[in-house]
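Listed here are the chains, written in short residue letters.
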Amino acid sequence: MQLRTVEWGEGRRVAVLLHGMLGAGEQFWRVGPALAERGYRAVAVDLPGHGGSPAAPDADLGMFAASVVETVGCEPELAIGHSLGGVVLAEALPVLRPARAVYVDIPLADDGAQRTADELTSGFMTARAGRTVEALRISKPAWSEKDREVEASAAERFDVATAVALELAHGASQPPTAEIPSLVVRAEPSRYVSKARAAELAALGFEVRSVPGAGHSIWYGHFSEFMAALEGWI
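**As for the overall build of the protein chain**
If you tally the helices and strands in the protein chain, you get 9 helices and 7 strands. What you see for the protein chain is a C-alpha radius of gyration of 16 Å, in line with the 17 Å of a compact globule of 234 residues. Expressed as a percentage of its 234 residues, the buried residues of the protein chain come to 49%. Nonlocal contacts in the protein chain, meaning residues at least 24 apart in sequence, comprise 72% of its contacts between residues at least 6 apart. Counting only carbon and sulfur atoms, one obtains 52% of the accessible surface of the protein chain, whose full area is about 10,300 Å². Distance from the positive charge centre (21 side chains) to the negative charge centre (30 side chains) of the protein chain: 5 Å.

Put into structure tokens, the structure is as follows:
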């Protein structure tokens, strides 16, 4: 499946950017140009059922990963995956083969929770309803108005059926090894990557860096700190 992309820059080095659940490529509206200034062609992908990409009611993780590879090709210089995008990056890694990988606020381990289709549908519908600009002004006061507009627009285009199919098909998985230089950037504190999990990832060979005070979408409200955490990797 060919996916919609948003691009910044014309550099010879390619950086692939993968967003989280309910998101879209536009969520990298500051990160992409910053990478372009550093000589990259930054390519942000809309994952299936997100943004302008087609819905996929029979989705599974393998299809998500294969669609990313089909869309952006292999061997980019850099790949950054946030939340769900990090899961997809880990799945695509053996074929995508980036020179360096960055996982943003993701534990790289399955939580083992099993939910029904009805439970997942209800949860995603509730999450989507809470991502209006007005609601985000209350729940995300540190975000800029542009951040809120981007996330609200992405939520409007989010296909619940695709997300439900993906979650139902996704079984337990093992974390990737750090065979290539791999960085985990986590919020501090993080509900997704605890200090204990960060230590486990470090023992597996991952570089782990934290951004104090940030939320799950770390660059929203902490853009400078997020880019600083990438230094040496970009």
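**As for helix α6 (residues 145-157)**
The terminal C-alpha atoms of α6, which comprises 13 residues, lie 19 Å apart, in line with the 18 Å expected from a rise of 1.5 Å per residue. Contacts from the buried residues of α6 go to α4 (117-129) and α5 (133-139).

**A few points about the nonpolar core**
The biggest cluster of nonpolar side chains holds 41 residues, and the ones touching the most others in it are Leu18, Met21, Phe64, Val88, Leu89, Tyr103 and Phe124. Residue assignment for this core shows that the elements contributing at least two residues are β2 (13-18), β3 (40-45), α2 (61-72), α3 (84-96), β5 (100-104), α4, α7 (160-169) and α8 (195-203).

**Details of the pairing of strand β7 (residues 207-212)**
As paired elements, strand β6 (residues 182-188) and β7 share 6 bridges and run parallel to each other. Bridged to Ala187 within β7 is Val211. The parallel pair β6 and β7 is bridged by α8, and the resulting crossover is right-handed.

**Observations regarding unusual backbone geometry**
Residue Pro189 is reached from Glu188 by a cis peptide bond, and omega for that bond is 0°. Mapped onto the elements, Pro189 comes out in the loop between β6 and α8. The phi torsion at Leu22 lies on the positive side, around 75°, for a residue other than glycine. Position of Leu22 among the secondary structure elements: in the loop between β2 and α1 (31-37). Positive phi outside glycine occurs at Glu75, with the angle close to 60°. Looking at where Glu75 falls in the secondary structure, it is placed in the loop between α2 and β4 (78-82).

**Things to note about the packing of aromatic side chains**
Under the defined criterion, the tally for this structure stands at 6 aromatic pairs. Ring plane angle 25° and centroid distance 5.1 Å describe the contact between Phe28 and Trp219, whose orientation is recorded as stacked. You can see Phe28 sitting in the loop between β2 and α1 and its partner Trp219 sitting in the loop between β7 and α9 (223-229), a full 191 residues away along the chain. Accessibility classification places Phe28 together with Trp219 in one group, the buried group. Aromatic pair Trp219 and Phe226: ring centres 5.2 Å apart, planes at 55°, arrangement tilted. Phe226 matches Trp219 in its accessibility class, with the two residues each being buried. Within the aromatic cluster, the residues linked to one another by ring pairs are Phe28, Trp143, Trp219, Tyr220 and Phe226. A cation sits over an aromatic face here: Arg13 above Tyr40, 4.0 Å from the ring centre.

Parameters and conventions
- Residues numbered from 1 in each chain as written.
- Predicted model: local features only at pLDDT ≥ 70, side-chain atom pairs only at ≥ 80, totals over all residues.
- Heavy atoms only, no water.
- Helix = DSSP H or I, 4+ residues; strand = E, 2+ residues; numbered from the N terminus.
- Rg over C-alpha atoms; globule rule 2.2 N^0.38 Å.
- Buried < 20%, exposed > 50% of the residue type's maximum accessible area, 1.4 Å probe, protein only.
- Contact = heavy atoms within 4.5 Å.
- Areas by Shrake-Rupley, 256 points an atom, 1.4 Å probe, with all protein chains shown as cover.
- Lys, Arg positive; Asp, Glu negative; His and termini not counted.
- Charge placed at Lys NZ, Arg CZ, Asp CG, Glu CD.
- Expected span 1.5 Å × (residues − 1).
- Core = buried A, V, L, I, M, F, W, Y, C linked by side-chain atoms within 4.5 Å.
- Pairing = 2+ DSSP bridges.
- Right-handed = clockwise from strand over helix to strand, strands pointing away.
- Phe/Tyr/Trp six-rings, centres within 6.5 Å; stacked < 30°, edge-to-face > 60°.
- Lys NZ or Arg CZ within 6 Å of the ring centre and 35° of its normal.

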